[in-house]
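Inside the fold
Chain by chain, the residues run as shown.
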Amino acid sequence: MAPTTSTLRPPFVVDSGRGDPVLFVHGQPGLGSDWDHVASRLTDHRLLIVDRPGYGRSGAETLSIEGNAELLGDLVIERGAVPVTVVGHSYGGGVAIELAARRPDLVAGLVLVGSIGRAESLNTLDHLLAVPVMGEVLSAAGLFTLGQVLPRVRHRVGAQHHGVLEWLRATLPDERYDRVSSPRGRQVWRSFVAEQRALVREIGAVESALDSVRAPTVIVSGTWDLVVPSSVSVSIAASIPGSEIVSVARTGHFVPRDAPEVVASAVRSVESRARDIRAQQSEYDTPT
């Protein structure tokens, strides 16, 4: 039987700082530390940075996209961090969309970074990774490549700022992915496989949820993103009224790593818009 939010312990969270609350939701695979560069630019905020279920210090149980959203909704209530700006990267963006759609009272604003959200977010490999047996083998090979091979290629490329080598550096993962997978390789593999199947199964529900999102939203996308193409961001924006797209030139899927200042600026932007909305509502509700 799949775990439910009621039977799972709360996810591991680093809850620090004071100010407007921001919840960070990492991708697949990932850790809360993926957001370190962004967090360092938001020191005037209260930051809730989680390891999602199945990763890092949050234990081995894995939840669906919807289950992640429900668990994180409960978390911000328990922590007294409502309403919260939710920042989601890649798979975590799908979780953020579900949270904003299902529990709008909890979400002040939404920042989607290289986010899934449409059926076209998934390519042929995504579907193959969800196939029993074949997907498990491909996932094991992919995680090894992600954690061991590609970071070494990136390191050899060095700090290049032009041409094909710059593109490689922007699109390849770094040594952080060795830390994601190596200490608990089997656990991460199981989590990745379970989430890949959830992704294929639930992407239609995430796409439908877009029509219910009303929180101020900024969608950030790298022009060199090969994992979730920038065209997906345009499509997501078309379904969220008033959303803004920020396109980051010469940047791949790892925007939190390579352009953290853009993500931090997006957080401040949605917060400003949320404050304006609250002020307008307060003015409207004030009796004359």
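To be clear, the structure that these remarks concern was listed above.
Sequence order as written defines residue numbering, which begins from 1 separately in each chain. pLDDT decides what is reported in this predicted model: residues at 70 or higher carry local features, side-chain atom pairs at 80 or more are listed and counted, and totals for whole chains, interfaces and linings draw on all residues regardless. Side-chain descriptors were evaluated using all non-hydrogen atoms of the structure, hydrogens and water having been removed beforehand.

To continue, consider helix α2 (residues 65–78). Numbering of helices and strands runs from the N terminus; a helix is a DSSP stretch of H or I covering at least four residues, while a strand is a stretch of E covering at least two. By this rule the span expected of a helix is its residue count minus one, scaled by 1.5 Å. For α2, built from 14 residues, the straight-helix expectation of 20 Å at 1.5 Å per residue is met to within 8% by its first-to-last C-alpha distance of 20 Å. Of the residues making up α2, those classed as buried are Ile65, Gly67, Asn68, Ala69, Leu71, Leu72, Gly73, Leu75 and Val76. The contact rule is simple, with two residues in contact once any of their heavy atoms fall within 4.5 Å. On the buried face of α2, the contacting elements are β1 (13–16), β2 (21–25), β3 (46–50), β4 (84–89), α3 (91–102) and α8 (185–209). A positive phi of about 65 degrees marks Gly80, the residue just after α2. Burial classification: accessible surface area is computed with a 1.4 Å probe over protein chains only, and a residue below 20% of its type maximum counts as buried, one above 50% as exposed, and the rest as partly exposed.

Glancing now at the environment of Leu128. Within the element layout of this structure, Leu128 appears in helix α4 (residues 124–129). Expressed as a C-alpha distance, the spacing of Leu128 and Leu138, which sit 10 residues apart in the sequence, is 8.1 Å. Ignoring any residue separated from it by four or fewer positions in sequence, one finds Leu128 in contact with Met134, Gly135 and Leu138.

So, about the packing of α3 against α8. Following both chains from N to C, one finds α3 and α8 inclined at 40 degrees, their axes separated by 10 Å at the closest point. When the axis of α3 is compared with that of α8, the two are oblique. Judged by the twist between their axes, the crossing of α3 over α8 is left-handed. Note on element contacts: α8 touches α3 through Glu195, Ala198, Leu199, Ala205, Val206 and Ala209, opposite Tyr91, Gly94, Ile97, Glu98 and Ala101. Gly is put with the polar residues, along with every residue not named as nonpolar or charged; the nonpolar set is Ala, Val, Leu, Ile, Met, Phe, Trp, Tyr, Cys and Pro, and the charged set is Asp, Glu, Lys and Arg. Considering only residue class, the contact of α3 with α8 consists of eight nonpolar, one polar and two charged. Here, axes are lines fitted to C-alpha atoms. For helices the fit covers the stretch in contact, and angles between N-to-C directions go from 0 to 180 degrees. In this scheme, roughly parallel covers angles under 35 degrees and roughly antiparallel covers those over 145, while 65 to 115 is roughly perpendicular and the rest are oblique. Working rule for handedness: look at the near helix, and if it is turned counterclockwise from the far one by less than a right angle, call the crossing left-handed; if clockwise, right-handed.

Here the largest pocket is characterised by a volume of approximately 830 Å³. Two kinds of site are reported from a 1 Å grid over the protein atoms alone, namely cavities, where a 1.4 Å probe fits but cannot get out, and pockets, open sets with protein on both sides within 12 Å along at least five of seven lines, and residues are called lining when an atom falls within 4 Å of a point. Lining the largest pocket are 33 residues, and of these Gln28, Leu125, Leu146, Phe192 and Val227 sit closest to its centre. Counting residues per element, the ones that place at least two in the lining of the largest pocket are α4, α5 (134–157) and α8. The leading source of residues in the lining of the largest pocket is α5, at seven residues. For the lining of the largest pocket, the residue count by class is 19 nonpolar, 12 polar and two charged. Grid points are joined across faces, edges and corners, and a volume is the space filled by probe spheres set on the points. One number sums up the size of the second largest pocket: a volume of about 230 Å³. Considering only residue class, the lining of the second largest pocket consists of three nonpolar, three polar and five charged.

Between side chains of opposite charge, a pair can form when the charged atoms approach closely. Should a side-chain nitrogen of Lys or Arg be within 4 Å of a carboxyl oxygen of Asp or Glu, the pair is scored as a salt bridge. Summed over all chains, the structure comprises 18 salt bridges. Salt-bridge contacts for Arg257 lead to Asp174; the nearest nitrogen and oxygen are separated by 3.0 Å. You can see Arg257 sitting in helix α10 (residues 255–258) and its partner Asp174 sitting in the loop between α6 (163–171) and α7 (176–181), a full 83 residues away along the chain. According to the relative accessible area criterion, Arg257 is buried, its value standing at 14%. Taken together, the shared-partner salt bridges connect Asp34, Arg154, Asp174, Arg176, Arg257 and Asp258 into one network.

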